[in-house]
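Listed below are the residues making up each chain.
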Amino acid sequence: MEAYKSLKIERQNPNSGVFHLRLQRPSHYNALTTELFAELRRAFSYLDQNPDVHVIILSGSGKHFCAGIDLKSTFSNFQKLLSEERGRAGEKLRREIKWMQESITEIEECRKPVIASIHGGCIGGGVDIVTACDLRYCTAEAVFSVREVKLGITADLGTLQRLPRIVGYGKAAELALTGRDFSGLEAKEMGLVSQTFASKLELQDGVLKLAQEIASKSPLAVVGTKAVLLRSRDLNVEQGLDYVATWNSGTLLSDDLKEAISAQTNKRNPTFSKL
């Protein structure tokens, strides 16, 4: 497995399909740097292609999930651009923004389900990350903020596109335009997270249990379900039904279906092949 400086990939149980991916800059509250963006791309490519991986739990090491963009690193890059010709500097900045966007989108496009396990602060770029995940859980005392407007910038890594689909346009607009902090309990009320937990330990245990439940299912069915859910966001009902019919025409008649039926008939746990 490739070594990372700002991330850590773990498989706590060698027989489990659950892999942990942790943001690993605790002394900087896991703030996002160019290096971390690059490693996210490589890590999710690896996890996507690894047949042992069924589910990914994404979390942050230390006291916080993610403090957003590393401002010191970002402003250093901005200073360099200010010395360049305006048109070329703008074109270069656009390419850099697109590259960072693609790093976050790697999370969404990973075939395997990604579960965000959130504690402490989840600020700015942290919200970009968790809205690209499939499922989100947090501690009740977690603190979220779509903070960019307070820094004089427009959030540009996915929150303004994904958050309204999760919590509704009105609530997303209010959070993005004020930049205010909101708690894990409020995040649960608005539907940003599916459940809150009283402590970080309870969060870790609860998310792991959920991940193990998903990992026990047919890999073909899990990957297909995620793909169809994502594709159907941008389709009407008729188009979505047509898409899933096409998908299942290629995957439905699998050994996983035979195994699932046999397991239910014989009242045993099914055993599925790797993807």
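- According to its UniProt record, the protein chain has this under Pathway (unreviewed entry): "Lipid metabolism; fatty acid beta-oxidation."
- The UniProt entry for the protein chain carries this comment under Sequence similarities (unreviewed entry): "Belongs to the enoyl-CoA hydratase/isomerase family."

## Regarding a nonpolar patch on the surface
For step 1, the next point in the chain: On the surface, a cluster of nonpolar side chains totalling about 420 Å² of accessible area is made up of Leu252, Leu253, Leu257 and Ile261.
For step 2, the next point in the chain: You can see leucine 252 is positioned in the loop between helix H10 (237-251) and helix H11 (255-265).

## Some remarks on the nonpolar core
For step 1, the next point in the chain: In this structure, Leu21, Leu58, Ile118, Phe144 and Leu192 are the most contacted members of the largest nonpolar core, which totals 45 residues.
For step 2, the next point in the chain: A total of six residues in this core trace back to one element, the largest contributor, which is helix H1 (residues 34-49).
For step 3, the next point in the chain: Leaving out residues up to four positions away in the same chain, leucine 192 has contacts with Thr131, Arg136, Phe144, Leu163, Ile166, Val167, Phe182 and Ala187.
For step 4, the next point in the chain: If you look at the next biggest cluster of nonpolar residues, it comprises twelve residues, including Val55, Ile115, Tyr137 and Leu203.

## Quick notes on the sheet that holds strand E5 (residues 121-123)
For step 1, the next point in the chain: As summarised here, the arrangement of the three strands in space is E5-E7-E8, forming an open sheet in which the pairing is mixed. The open sheet has two edge strands, E5 and strand E8 (181-183), and neither has a second partner. Going from strand to strand, the sheet's axes swing by 20 degrees on average, the running direction of each strand aside.
For step 2, the next point in the chain: Pairing analysis gives three bridges linking E5 to strand E7 (residues 143-145), with the strands arranged parallel. Paired with isoleucine 123 across the strands is serine 145, a residue of E7.

## Some details on the environment of serine 199
For step 1, the next point in the chain: Tracing the backbone through its elements, the reader meets serine 199 in the loop between strand E9 (195-197) and helix H8 (200-215).
For step 2, the next point in the chain: Residue class for serine 199 comes out partly exposed when judged on its relative accessible area of 27%.
For step 3, the next point in the chain: In sequence terms serine 199 and proline 26 are 173 residues apart; their C-alpha atoms lie 18 Å from each other.
For step 4, the next point in the chain: A polar contact is formed between the side chain of serine 199 and the backbone nitrogen of glutamate 202, at a distance of 3.1 Å.

## Quick word on the packing of helix H9 (residues 219-232) against H10
For step 1, the next point in the chain: Remark: H9 packs on H10, axes separated minimally by 10 Å, with the N-to-C direction vectors making an angle of 160 degrees. Here H10 runs roughly antiparallel to H9, going by the angle between their axes. Judged by the sense of rotation from one axis to the other, the crossing of H9 with H10 is right-handed. Across the interface between the two elements, Leu220, Val223, Gly224, Ala227, Val228, Arg231 and Ser232 of H9 pack against Gly240, Tyr243, Val244, Trp247 and Thr251 of H10.
For step 2, the next point in the chain: The residue makeup of the contact of H9 with H10, split by class, is seven nonpolar, four polar and one charged.

## Remarks on the layout of surface pockets
For step 1, the next point in the chain: For the largest pocket, the calculated volume is near 770 Å³.
For step 2, the next point in the chain: Looking at the largest pocket, it is lined by 33 residues, and the ones nearest its centre are Ile69, Thr74, Phe78, Met100 and Ile153.
For step 3, the next point in the chain: Elements with a contribution of two residues or more to the lining of the largest pocket: H1, helix H2 (71-82), helix H3 (86-109) and helix H4 (125-131).
For step 4, the next point in the chain: At six residues, the largest contribution of residues to the lining of the largest pocket is made by H2.
For step 5, the next point in the chain: Class assignment for the residues of the lining of the largest pocket results in 17 nonpolar, ten polar and six charged.
For step 6, the next point in the chain: Roughly 480 Å³ of internal volume is contained in the second largest pocket.
For step 7, the next point in the chain: Taken together, 22 residues line the second largest pocket, and the ones lying closest to its centre are Cys133, Asp134, Leu135, Leu229 and Leu230.
For step 8, the next point in the chain: Going through the elements one at a time, strand E6 (135-139), helix H5 (159-167) and H9 are the ones with two or more residues in the lining of the second largest pocket.
For step 9, the next point in the chain: A per-element tally of the lining of the second largest pocket places H9 first, with five residues.

The rules behind these values
- Residues numbered from 1 in each chain as written.
- Predicted model: local features only at pLDDT ≥ 70, side-chain atom pairs only at ≥ 80, totals over all residues.
- Heavy atoms only, no water.
- UniProt positions renumbered as here; feature names shortened; annotations may be inferred.
- Patch = residues over 30% accessible without salt bridge, like charges linked within 9 Å, V, L, I, M, F, W, Y side chains within 5 Å.
- Areas by Shrake-Rupley, 256 points an atom, 1.4 Å probe, with all protein chains shown as cover.
- Salt bridge = Lys/Arg side-chain N within 4 Å of Asp/Glu carboxyl O.
- Helix = DSSP H or I, 4+ residues; strand = E, 2+ residues; numbered from the N terminus.
- Core = buried A, V, L, I, M, F, W, Y, C linked by side-chain atoms within 4.5 Å.
- Buried < 20%, exposed > 50% of the residue type's maximum accessible area, 1.4 Å probe, protein only.
- Contact = heavy atoms within 4.5 Å.
- Pairing = 2+ DSSP bridges.
- Axes fitted to C-alpha atoms, helices over the stretch in contact; angles between N-to-C directions.
- Polar contact = N/O pair within 3.5 Å; in protein donor to acceptor, adjacent residues only side chain to side chain.
- Parallel < 35°, antiparallel > 145°, perpendicular 65-115°, else oblique.
- Left-handed = near helix turned anticlockwise from the far one by under 90°.
- Nonpolar A, V, L, I, M, F, W, Y, C, P; charged D, E, K, R; others polar.
- 1 Å grid on protein atoms, 1.4 Å probe; cavity = no way out; pocket = protein on both sides within 12 Å on 5 of 7 lines; lining within 4 Å.
- Points joined across faces, edges and corners; volume = space filled by probe spheres on them.

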